[in-house]
Amino acid sequence: DQQVKQNSPSLSVQEGRISILNCDYTNSMFDYFLWYKKYPAEGPTFLISISSIKDKNEDGRFTVFLNKSAKHLSLHIVPSQPGDSAVYFCAASGIGGSQGNLIFGKGTKLSVKP
Amino acid sequence: GAGVSQTPSNKVTEKGKYVELRCDPISGHTALYWYRQSLGQGPEFLIYFQGTGAADDSGLPNDRFFAVRPEGSVSTLKIQRTERGDSAVYLCASSPAGTTYNEQFFGPGTRLTVL
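The present account deals with the structure reproduced in this document. As the structure is a prediction and not an experimental result, all values here were calculated from the model. (Residues numbered from 1 in each chain as written. Chains lettered and ligands numbered in written order. Predicted model: local features only at pLDDT ≥ 70, side-chain atom pairs only at ≥ 80, totals over all residues. Heavy atoms only, no water.)

## Section: the sheet that holds strand E1 (residues 5–7) of chain B
Residue and element names in this part refer to chain B. Which entries qualify depends on this criterion: Any two strands between which DSSP finds at least two bridges are classified as paired. Counting from the N terminus, the helices are the DSSP runs of H or I reaching at least four residues and the strands are the DSSP runs of E reaching at least two. A fitted line through C-alpha atoms serves as each axis, taken over the contacting stretch for helices, and the angle formed by two N-to-C directions is quoted from 0 to 180°.
In spatial order, the strands read E1-E3-E8-E7; together these four strands make up an open sheet with antiparallel pairing. Looking at strand neighbours, the two that pair on one side only are E1 and strand E7 (65–68), the edges of this open sheet. Shown here is a sheet whose adjacent strand axes are inclined to one another by a mean of 15 degrees, direction ignored. Sheet topology note: the E7/strand E8 (residues 75–79) ladder contains four bridges and is antiparallel. Within E8, the position partnered with Ala67 by the bridge is Leu77.

## Examining the state of the cysteines
Stated precisely, the cut-off is as follows: For the purposes of this analysis, a disulfide is any pair of cysteine sulfur atoms at a distance within 2.5 Å. Relative accessibility under 20% of the residue-type maximum defines a buried residue, over 50% an exposed one, and the middle range a partly exposed one, all with a 1.4 Å probe and only protein chains included.
In the structure shown here, the tally under the stated rule is two disulfides over all chains. Each sulfur of the disulfide joining Cys23 of chain A and Cys90 of chain A lies 2.0 Å from the other. A torsion of -75 degrees about the S-S bond marks the disulfide between Cys23 of chain A and Cys90 of chain A as left-handed. With Cys23 of chain A in strand E3 (residues 19–25) and Cys90 of chain A in strand E9 (residues 86–94), this pair connects stretches of sequence that are 67 residues apart. Here Cys23 of chain A matches Cys90 of chain A in class, with each residue buried. Disulfide partner of Cys23 of chain B: Cys92 of chain B, at an S-S distance of 1.8 Å. In this structure, the disulfide formed by Cys23 of chain B and Cys92 of chain B twists by about -65 degrees around the S-S bond and is classed as left-handed.

What follows is the structure, given as structure tokens:
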């Protein structure tokens with residue numbers, strides 16, 4: 001049973017518009033959430049994270065929103081750029097978020113068209 | 001500074017053979033993780049080291065898989081009697097000591113193909 005779900009395998013967005021990537025989780029013990037970006041033939045690269053005590057974290061063009069009651073988080077990228085085209089993974093960590101393993105979703109492939 | 005490195009980048013082997021995959025974490029990082037990523041899936045946790053000891057090996061699929069980190073730095077993932085189902089990208093990640101939250105830094109992975 002998947003604990004972290006990314007239900008959209010792909011997303012296509014026009015350059016300059018907003019990209020919204022969604023993630024749902026089932027385990028209420030998760031208290032730290034991360035987004036990773038992955039290019040082909042490379043390892044995942046950390047993008048942004050959020051603790052369960054917050055509902056929003058922003059870093060430049062990237063903002064992550066957390067809705068604990070709905071067990072849902074989303075990553076907003078605005079404005080989207082062609083270089084943002086990659087696979088985005090949502091990941092979760094539990095029990096205080098300290099040094100435990102990460103549980104990943106299956107990823108969403110984002111294509112940003114010029 | 002240097003990131004996490006993994007060798008080899010690609011490994012092709014025959015069913016039944018033994019393989020070793022190496023991970024060199026970021027200098028000073030005490031935590032080291034191994035994940036496996038199959039096609040169309042997200043990374044799946046295998047094992048986590050804190051220093052030299054395996055703090056959590058609950059993700060290892062069976063006793064054909066074993067990992068060591070004898071000096072608390074480089075780690076080797078060992079797979080005995082490889083099977084075709086072991087084919088995947090094996091990812092290593094590390095994180096620094098005293099991290100409150102779990103931001104892990106990944107290497108490029110080793111693509112293992114079992115024929």
